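What follows is the residue order along each chain.
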Amino acid sequence: MNTNKQIHTSLGPVLSPVEDGLWEIDLTNLRIFFGLSILSRTIGEEIGNQLHSLPGDLSFTYKINPNINHELVDMHIQHVQVFARAGILKDWVLFREQFEENLRFVFGSFQQQSIAKKIHPEFYGEDPNRNSSVALLFPFEADFIHPSGYYILMERVASLYRIGDFFLRITIDTQEDGCLNLANIKHEIISDAHTRTYIAGASKISESLSNGMINAAQKGETFYEEENSHFSKVFAQIEKTPLGKLTNINFYWEEQYRNLILSSDPSVSLTILKKLFLLLEDSSASKKIKEGNTIRALIGKVSVYVDLSRLDRVLNFSINQKRTLLDSSFYLKRMPILEKIANSDGHNLSFEGVNVFLIHHVTSEIISLIETLRRLKVNSLDVAFVKYGGNIPPIYLDILLDIPTETFFMAGLEFKLTRNNTPYYGVSPLYSDFEIHSTFRHKLEEAKLGFFDAMRKLAVFLFLNKLLSLIPKNEKLILIEDGGYVAPILNERALDGISFGSILDEFWVETKDQTIKEKPFNEILKNYVMGTIEHTRNGYDRLVKVKEEKQSLFLPAFSIAISNEKTMEESKEVARSILNALDNTLHGIGKALSKRKILLLGSQGNIGVFLKKYLIGGFLHENNLDIIEIDRKIQSESKFAKSDFLKVSESEFSEIDLIIGVTGESTILPNAWESWILKSKHKQLFIASGSTKTAEFSDFINWTNELNLTENPKLGGDDLEISFQRILDPQTQMELGSKIIFRIDTKKIEKEVYLISDGSPVNFLFFGVPTESMDPIISQLASVSLGMVHYYKSKRLPKPDLYAVDHQINVWGDLL
């Protein structure tokens, strides 16, 4: 290997190139020091105390605490002596923070082997007779002290009363007219402050992360993730390095390392992490990582690969092996029907020259659909991701953020709470860079909207932006969506005959082109949008509603929502995944699904039928099989089957402790919720939605928000105390929804209402529907979209109307 290419680091060891994009550094013999920032803070505080209480020169001696700085004590350094002339630090208050930062840099130089061996040669294997100790002079700029700035001189001085021991002498003085004759002091100027960013509290940070890894390893895991919370010191410190702002730090390891950290003293793991943080402090190493390289750090028998992913937002430490980088093909291979379509097996259609706007959930099957669209030559792809509860697996984000950004853009929402616990949704930072739309992000943040309204705002906003960008290029756009966020709006507004400018304003889209704003919106749609594809029953019903109100649709709409595959096969799996999520969530809070007294809303719908079947057929105990079911399709009323919720009596409702809703609309009104909380026979009550979006229990959500925002809330005329907590999975700490506590002291009532997944579909908390069952359904979505593009290109697209697979069209969009 060509040694000329080696890069010298501030730590001492060199960075050597191994292969393209991979550099190596050996940190095995790097001497590490704990508590240097505590030492500099202690010295800084003592300087502050003396300046407040003493009139003259500043002078004191501090005895090093072996419990905090045992490495210095091991090197026979027992004391620190500090001196500064009177007046030097007179404006201390103004520059205290900067001074303490500089002091940290001075003490932190012990961590830089190349510098430390100058002041303390024999402890780094040097011959003190040939290389005697050299003082270190640190020049700093500070107009407050002197126009020329000031310096801190650190000397190592032999102890007068204990042979072999030393103390550090720290002198603070001005650069031009200092009292020391520096010519007589053998010293070296250390001014390379820019080569290293001191991470304050690196020892504490390393300890916290090390504990997190040990806990994860004890659970049998080989992955640990640290998220950037609002007050995270770790991320605030790393942001000062060339790595910049991060959202996550991820640690990956294999079984061998897991066994090592479980069988060895915690200090082993701690030492490795501390050395990794020292590596990040070095600017040349951080810059190499920021430029897209991987650094392999050798620490004894352990090698750690350090790199950035997800648009440089995530820092990865992979121990003993490089991270396995999957791509979207990995998930597509698990879907043989869709893979055939993606590989043009059995058809010759494509998305060539067409731009796709996709609205769907973040699942592995949709990553496969994205790969399919790309293989079928889509011109560009924009995705608005629908995300309710649960966590997105990091690997999904790694794959999505590796797709070239010039042809791919994605955005989504995140669940948020106001200071007084009102839930709302804002733009998530997890996806593509949203800076170009920062005005929209701020407006959405201010609006504090619930899920459906926020998602519709985001989706229509992005769709219209995409449309604006395609007009000058005269390119075509097709919408593929799950849930009817955009298509009903497009059809409504086009049939209302409004101007393009009106809808742009309504959805906060900015454009400087006034002429385009004056054009009719329907003219724009007709020229640039081929049509829409709908996946869900909710979205299908919304289009039916628009058609009923307006007597027609403006765009052709193909839908798989009521296909045989979807209504029968997918509904079974959705019902199972709802019950699986409920079972897991209840289990986590110490409850059993089998014992619940259940009210099922929408029991005769596609999903409801199977929910009832599986509950009675296995999930519920044999002595607890009575479910109150409600569905407008019920014709013969009975005690347990009713066509309307209003037919449920107060006493019947008071027996219920779990409501499952799959109607897609809010059917229980505030007065019923009030009665449930006041009269229920149970202390803990559970609410779970299995239908799209947060519509199912929107009245309950709005009612609790109003109570929460009321100055003196009341329930049944009595004073109410309402408070909110998060439901956390005890094993993974994943958020599973909100717990709302209602207390009425005068009536000795305390009820805990668990709104699972915050009122959004519970099946998305865990794994959703298995890939095997989704393969034929997502394949229908792909083939029917290809069909629409094919008919558009051959100028044979049917007139604007709603065309459902297995009813008016087949899976390729051919009319039946």
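About the cut-offs
Residues numbered from 1 in each chain as written. Predicted model: local features only at pLDDT ≥ 70, side-chain atom pairs only at ≥ 80, totals over all residues. Heavy atoms only, no water. Helix = DSSP H or I, 4+ residues; strand = E, 2+ residues; numbered from the N terminus. Buried < 20%, exposed > 50% of the residue type's maximum accessible area, 1.4 Å probe, protein only. Contact = heavy atoms within 4.5 Å. Areas by Shrake-Rupley, 256 points an atom, 1.4 Å probe, with all protein chains shown as cover. Phe/Tyr/Trp six-rings, centres within 6.5 Å; stacked < 30°, edge-to-face > 60°. Lys NZ or Arg CZ within 6 Å of the ring centre and 35° of its normal. Pairing = 2+ DSSP bridges. Right-handed = clockwise from strand over helix to strand, strands pointing away. Salt bridge = Lys/Arg side-chain N within 4 Å of Asp/Glu carboxyl O. Core = buried A, V, L, I, M, F, W, Y, C linked by side-chain atoms within 4.5 Å. Axes fitted to C-alpha atoms, helices over the stretch in contact; angles between N-to-C directions. Parallel < 35°, antiparallel > 145°, perpendicular 65-115°, else oblique. Left-handed = near helix turned anticlockwise from the far one by under 90°. Nonpolar A, V, L, I, M, F, W, Y, C, P; charged D, E, K, R; others polar. Arc of directions from axis to C-beta.

A.B. asks: I would appreciate a short explanation of the overall build of the protein in the present structure.
C.D. replies: Helices and strands together make up the secondary structure of the protein, namely 26 helices and 32 strands. In terms of its C-alpha atoms, the protein occupies a principal-axis envelope of roughly 100 × 70 × 55 Å. Buried residues in the protein amount to 56% of all 816 residues. Nonlocal contacts in the protein, meaning residues at least 24 apart in sequence, comprise 70% of its contacts between residues at least 6 apart. With the model as given, the accessible surface of the protein reaches about 35700 Å², and the carbon-plus-sulfur share is 48%.

A.B. asks: Which parts of the structure should I look at to understand the environment of Phe-166?
C.D. replies: By the secondary structure assignment, Phe-166 is in strand 8 (residues 166-174). When its relative accessible area of 11% is taken as the criterion, Phe-166 is described as buried. With 89 residues separating them along the chain, Phe-166 and Ile-77 place their C-alpha atoms 4.8 Å apart. Aside from chain neighbours lying at most four places away, what touches Phe-166 is Met-75, His-76, Ile-77, Gln-78, His-79, His-120, Glu-122, Phe-123, Arg-156, Val-157, Ala-158 and Ser-159.

A.B. asks: How should the side chain of His-79 be read in this particular structure?
C.D. replies: Among the structural elements, His-79 can be located in strand 5 (residues 77-84). Looking at His-79, the relative accessible area reads 18%, which means it is buried. Once residues within four sequence positions are removed from consideration, His-79 is found in contact with Thr-61, Tyr-62, Lys-63, Ile-64, Tyr-161, Phe-166, Phe-167 and Leu-168.

A.B. asks: Can you help me understand the packing of aromatic side chains in this one?
C.D. replies: For any pair of aromatic rings, geometry is given as the distance between the ring centres together with the angle between the planes. In this structure the tally under the stated criterion is 29 aromatic pairs. With 4.9 Å between their ring centres and 20° between their planes, Phe-686 and Tyr-754 make a pair best called stacked. Of this pair, Phe-686 sits in strand 26 (residues 684-689) while Tyr-754 sits in strand 31 (residues 749-756); the two residues are 68 residues apart in sequence, bridging distant segments of the chain. Considered together, Phe-686 and Tyr-754 belong to a single accessibility category, that of buried residues. What links up through ring pairs into an aromatic cluster is the set Phe-645, Phe-653, Trp-673, Trp-676, Phe-697, Phe-700, Trp-703 and Phe-742. When the ring centre of Phe-166 is taken as origin, the NZ or CZ atom of Arg-156, which lies over that ring, is 3.9 Å away.

A.B. asks: Please clarify how the pairing of strand 14 (residues 314-319) should be interpreted in this entry.
C.D. replies: Counting buried positions over the six residues of strand 14 gives six, a clear majority of the element. Here strand 14 shows a buried face lined by Val-314, Asn-316 and Ser-318 and a second buried face lined by Leu-315, Phe-317 and Ile-319. The sheet contact formed by strand 11 (residues 248-252) and strand 14 spans five bridges and is parallel. Bridged to Asn-248 within strand 14 is Val-314. Remark: four residues form the turn of the hairpin made by strand 13 (residues 302-309) and strand 14, two consecutive strands paired antiparallel; Arg-310 in that turn has positive phi of roughly 50°.

A.B. asks: Would you take a moment to explain the pairing of strand 16 (residues 380-386) for this structure?
C.D. replies: The side chains of a regular strand alternate between both faces of the sheet. The buried fraction of strand 16 amounts to seven of the seven residues, a majority that puts the element mostly inside the structure. Where strand 15 (residues 354-361) and strand 16 come together, seven bridges link them in parallel fashion. Considered in strand 16, the bridge of His-360 is made with Phe-385. What joins strand 15 to strand 16 is helix 12 (residues 364-375), and the crossover it makes is right-handed.

A.B. asks: Explanation requested: the pattern of salt bridges in the structure shown.
C.D. replies: Once the charged atoms of two side chains with opposite charge are near each other, the side chains can pair. Under the criterion given, the structure shown has 42 salt bridges. Residues joined by salt bridges that share partners form a network here, namely Glu-101, Arg-104 and Lys-240.

A.B. asks: Can you walk me through the nonpolar core in this structure?
C.D. replies: As a rule of thumb, nonpolar side chains are buried together in soluble globular proteins. By size, the foremost hydrophobic cluster in this structure holds 79 residues, and its most contacted members are Val-356, Leu-358, Ile-370, Leu-381, Phe-385, Leu-400 and Leu-582. In terms of residue count, helix 26 (residues 771-793) provides more of this core than any other element does, nine residues in total. Beyond its immediate chain neighbours, meaning those up to four positions away, Leu-582 contacts Leu-593, Leu-658, Ile-660, Ala-688 and Ile-756. Grouped together as the second largest cluster of nonpolar side chains are 56 residues, Ile-359, Phe-440, Tyr-485 and Leu-490 included.

A.B. asks: Could you clarify how one ought to interpret the packing of helix 5 (residues 202-218) against helix 8 (residues 266-281) in this entry?
C.D. replies: Think of two packed helices as two axes; the pair is described by the angle between the axes and how far apart they sit. Where helix 5 meets helix 8, the axes come as close as 8 Å, and the angle between the chain directions of the two elements is 130°. As summarised for this structure, helix 5 and helix 8 are arranged oblique, according to the angle between their axes. In this structure, helix 5 meets helix 8 at a crossing whose hand is right-handed. Between helix 5, through Ala-202, Ser-203, Ile-205, Ser-206, Glu-207, Leu-209, Ser-210, Met-213 and Ile-214, and helix 8, the contact on the second element is made entirely by Pro-266, Ser-269, Leu-270, Leu-273, Lys-274, Phe-277 and Glu-281. Tallied by class, residues from the contact of helix 5 with helix 8 come to nine nonpolar, four polar and three charged.

A.B. asks: Help me out: how do you make sense of the environment of Ser-159 in this one?
C.D. replies: Mapped onto the elements, Ser-159 comes out in the loop between strand 7 (150-158) and strand 8. For Ser-159, a relative accessible area of 18% gives the class buried. As a C-alpha pair, Ser-159 and Gln-78 span 81 residues in sequence and 8.9 Å in three-dimensional space.

A.B. asks: What's the story with the sheet that holds strand 11 in this structure? I'm lost.
C.D. replies: To summarise the sheet geometry, strands pair through backbone hydrogen bonds and adopt either a parallel or an antiparallel arrangement. The strand order across the open sheet formed by eight strands is 1-2-3-12-13-14-11-10, and the pairing between neighbours is mixed. Since the sheet does not close on itself, it has two edges, and those belong to strand 1 (7-8) and strand 10 (223-227), each with one partner.

A.B. asks: Explain the sheet that holds strand 5 here, please?
C.D. replies: Taken in spatial order, the six strands line up as 4-5-8-7-6-9 in an open sheet, and their pairing is mixed. At either end of the open sheet lies a strand with only one pairing partner, and these are strand 4 (58-63) and strand 9 (187-189). The average undirected angle you get between the axes of adjacent strands in this sheet is 20°. Of the pairings in the sheet, the one linking strand 6 (residues 135-140) to strand 9 comprises three bridges and is parallel in character. Note on strand 9: the bridge partner recorded for Ala-135 is His-187.

A.B. asks: Quick question: what am I supposed to make of the packing of helix 24 (residues 670-679) against helix 25 (residues 698-709) here?
C.D. replies: At their nearest, the axes of helix 24 and helix 25 sit 9 Å apart, and the two run at 70° to each other. Between helix 24 and helix 25, the interaxial angle falls into the category roughly perpendicular. Two secondary-structure elements touch here, helix 24 through Pro-670, Trp-673, Glu-674 and Ile-677 and helix 25 through Asp-699, Phe-700 and Trp-703. Taken together, the residues of the contact of helix 24 with helix 25 break down into five nonpolar, no polar and two charged.

A.B. asks: Hey, could you run me through unusual backbone geometry in this one?
C.D. replies: Generally, phi is negative for residues other than glycine and the peptide bonds are trans, each holding for most cases. You will see that His-76, though not glycine, has its phi angle at about 70°, which is positive. Judged by relative accessible area, His-76 falls into the partly exposed class, the value being 34%. Although it is not a glycine, Asp-758 sits at a positive phi angle of roughly 55°. Residue placement: Asp-758 occurs in the loop between strand 31 and helix 26. The exposure class of Asp-758 is buried, given its relative accessible area of 11%.

A.B. asks: Would you mind showing me how to read helix 19 (residues 521-528) here?
C.D. replies: Three- or four-residue spacings in an α-helix give side chains the same orientation, since the helix completes a turn every 3.6 residues. Those residues of helix 19 that sit buried are Phe-521, Ile-524, Leu-525 and Tyr-528. Relative to the axis of helix 19, the buried residues are bounded by an arc of 95° and lie together on one face. For helix 19, the elements touching its buried residues are helix 15 (451-470), strand 19 (476-481), helix 16 (487-496), helix 17 (500-506), helix 18 (514-518) and strand 20 (529-534).

A.B. asks: Would you explain helix 16 in this entry?
C.D. replies: Buried residues dominate helix 16, accounting for seven of its ten residues. Along helix 16, the positions that sit buried rather than exposed are Ala-487, Pro-488, Ile-489, Leu-490, Asn-491, Arg-493 and Ala-494. Looking at the buried residues of helix 16, the elements they touch are helix 15, strand 19, helix 17, helix 19, strand 20 and helix 20 (537-550). Of the residues flanking the end of helix 16, it is Gly-497, one or two places downstream, whose phi is positive at about 75°.

A.B. asks: What should I look at first to understand the side chain of Asn-465 in this one?
C.D. replies: Along the polypeptide, Asn-465 turns up in helix 15. Of the residues examined, Asn-465 reaches a relative accessible area of 19% and is grouped as buried. Sequence-distant contacts of Asn-465, that is, excluding residues within four places in its chain, are made with His-437 and Val-509.

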